[in-house]
Amino acid sequence: MPQCRIDHRDHRAKRLVALAIAATIIAPAHAASRWPPFLPPPGGFSAEIVANVERVWAEPTLTRTVEGDAVDIPFEVYQAFVDGPDVTTAAARHLGIARHEVRMREDGWYEADDGDGARGVYRVLVREPGRRVILSRGRHTSPFLGTISGRALTVLSFEDRGRRIVPGLTAYVLIEDRVAAWVARMLIPIVGHLADWKLTEGFRITARVARWAQREPAEFCQWLASRPVEGEGVRRVAEALPGCHEMQAGASR
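Residues numbered from 1 in each chain as written. Predicted model: local features only at pLDDT ≥ 70, side-chain atom pairs only at ≥ 80, totals over all residues. Heavy atoms only, no water.

Side note on the side chain of His100
Put simply, the rule reads: We count a stretch as a helix when DSSP gives it H or I for four or more residues in a row; a strand needs E for two or more, and each element gets its number in order from the N terminus. Residues are treated as being in contact if the distance between any of their heavy atoms lies within 4.5 Å.
Mapped onto the elements, His100 comes out in the loop between α4 (85-95) and β2 (101-104). Once residues within four sequence positions are removed from consideration, His100 is found in contact with Thr89, Arg93, Asp113, Asp114, Glu201 and Ile205.

Set out below in structure tokens:
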């Protein structure tokens, strides 16, 4: 398969908007209550998660809502790749379209590295048909900006419009350094479109990997079967693709 790469645009401009992207980034908002209305009651979460959610929700530096490009991929297939980020990012590296890497830990958190200075961990708090809510903590390091730490609450939505899916997200971000937070607020009106482009990068990567699986199922399933790591993500993706499911079932006999 020919190698292809996502256009990362101007690298200098990306470093400027990294101030608004340290964990998953984002224009200003004010929380009306201590607990987000899009989450179940706090009693169902650990004290650590509750403390992180309340802090981000009460003191967001930035908030932004963006919509990704519509994709013509079956809903269940697309969401399987959303819920199998370790598989999706491994496939993206295999195709040469991104350097991202995601690994699921035993405690249910994911470790993520975008290959461009951003690293962090995240946890899926809500997993519903057409909606995910994610809590993340991360940092971005670069020679231009130094290290910026932040936390984020991100609401992902996947609207099923017949034969097309329209992904979107609303992210609430707390940048922990006051100076960096002030600069981020100043920059957003100027380079907000680049921040939006970075925010929707995950949608583009997921769509391209899912299209590969749809258009070249034998090739994709063979690649998936050759991966040495098994896990929930592999199972989700294999079950969404009949050819891969049959291949895995045969291998387990």
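Structure shown, so let's carry the discussion forward.
Let's talk about the packing of aromatic side chains
Keep this limit in mind: Only Phe, Tyr and Trp rings are paired, with Trp represented by its six-membered ring, and only when their centres lie within 6.5 Å; those with planes under 30 degrees apart are stacked, over 60 edge-to-face, the remainder tilted. Burial here depends on accessible area, computed with a 1.4 Å probe over protein chains only, as a share of the maximum for the residue type. Under 20% is buried, over 50% is exposed, and the range in between is partly exposed. Note on criteria: charge over ring means Lys NZ or Arg CZ within 6 Å of the ring centre, with the direction from the centre no more than 35 degrees off the ring normal.
Per the stated rule, a full pass over the model turns up eleven aromatic pairs. For the ring pair Phe158 and Phe203, a centre distance of 6.4 Å and an interplane angle of 80° mean the geometry is edge-to-face. Of this pair, Phe158 sits in strand β6 (residues 146-161) while Phe203 sits in helix α6 (residues 201-215), and the two are 45 residues apart along the sequence. Here Phe158 matches Phe203 in class, with each residue buried. One aromatic cluster is present, built from ring pairs that chain together Phe81, Trp212, Phe220 and Trp223. One Lys or Arg, Arg137, reaches over the ring of Trp109 and ends 4.9 Å from the middle of that ring.

Side note on the state of the cysteines
In plain terms, the rule: The rule for a disulfide is simple: a pair of cysteine sulfur atoms within 2.5 Å.
Going through the model one piece at a time under the given rule, you end up with one disulfide. With a sulfur-sulfur separation of 2.0 Å, Cys221 is cross-linked through a disulfide to Cys244. Measuring handedness by torsion sign, the sulfur bridge of Cys221 and Cys244 sits at about -95° and is left-handed. Here Cys221, found in helix α7 (residues 217-226), pairs with Cys244, found in helix α9 (residues 242-252); they are 23 residues apart in sequence, far enough to count as distant. Summarising the burial analysis for this pair, Cys221 and Cys244 share the class buried.

Some remarks on α7
This is how it is decided: This arc is built from the directions going out from the helix axis to the C-beta atoms.
Buried residues of α7: Phe220, Cys221, Trp223 and Leu224, and no others. Along the axis of α7, the buried positions cluster into a sector of 160°, meaning they face one direction only. In α7, those exposed residues whose orientation departs by more than 90 degrees from the buried face are Ala218, Gln222 and Ser226.

Observations concerning the packing of helix α3 (residues 75-82) against α6
To keep things clear, this is the line we draw: Angles here are taken between N-to-C directions and fall from 0 to 180 degrees, while the axes themselves are lines fitted to C-alpha atoms, restricted in helices to the stretch in contact. Roughly parallel means an angle under 35 degrees; roughly antiparallel, over 145; roughly perpendicular, 65 to 115; everything else is oblique. The handedness criterion is simple: a crossing whose near helix is rotated anticlockwise from the far helix by less than a right angle is left-handed, and one whose near helix is rotated clockwise is right-handed.
Contact geometry of α3 with α6 gives a least axis separation of 10 Å together with a crossing angle of 125°. With respect to their mutual orientation, α3 and α6 come out oblique. Judged by the twist between their axes, the crossing of α3 over α6 is right-handed. Contacts between α3 and α6 pair Val77, Tyr78, Phe81 and Val82 from the former with Phe203, Thr206, Ala207, Val209, Ala210, Ala213 and Gln214 from the latter.

Considering the nonpolar core
Applicable threshold: For this analysis, a nonpolar core means a set of buried residues of the types Ala, Val, Leu, Ile, Met, Phe, Trp, Tyr and Cys, connected via side-chain atoms within 4.5 Å.
Within the largest apolar cluster, 44 residues are counted, with the highest numbers of intra-cluster contacts made by Tyr78, Phe81, Phe158, Phe220, Trp223, Leu224 and Leu241. Ranked by residue count, the leading element in this core is α6, at seven residues. When near neighbours in sequence (up to four residues on either side) are disregarded, Leu224 contacts Val87, Val234, Val237, Ala238 and Cys244. Of all hydrophobic cores here, the second largest spans 19 residues; its members include Phe45, Val53, Val56 and Val121.

Shape is all these values report; function is a separate question.
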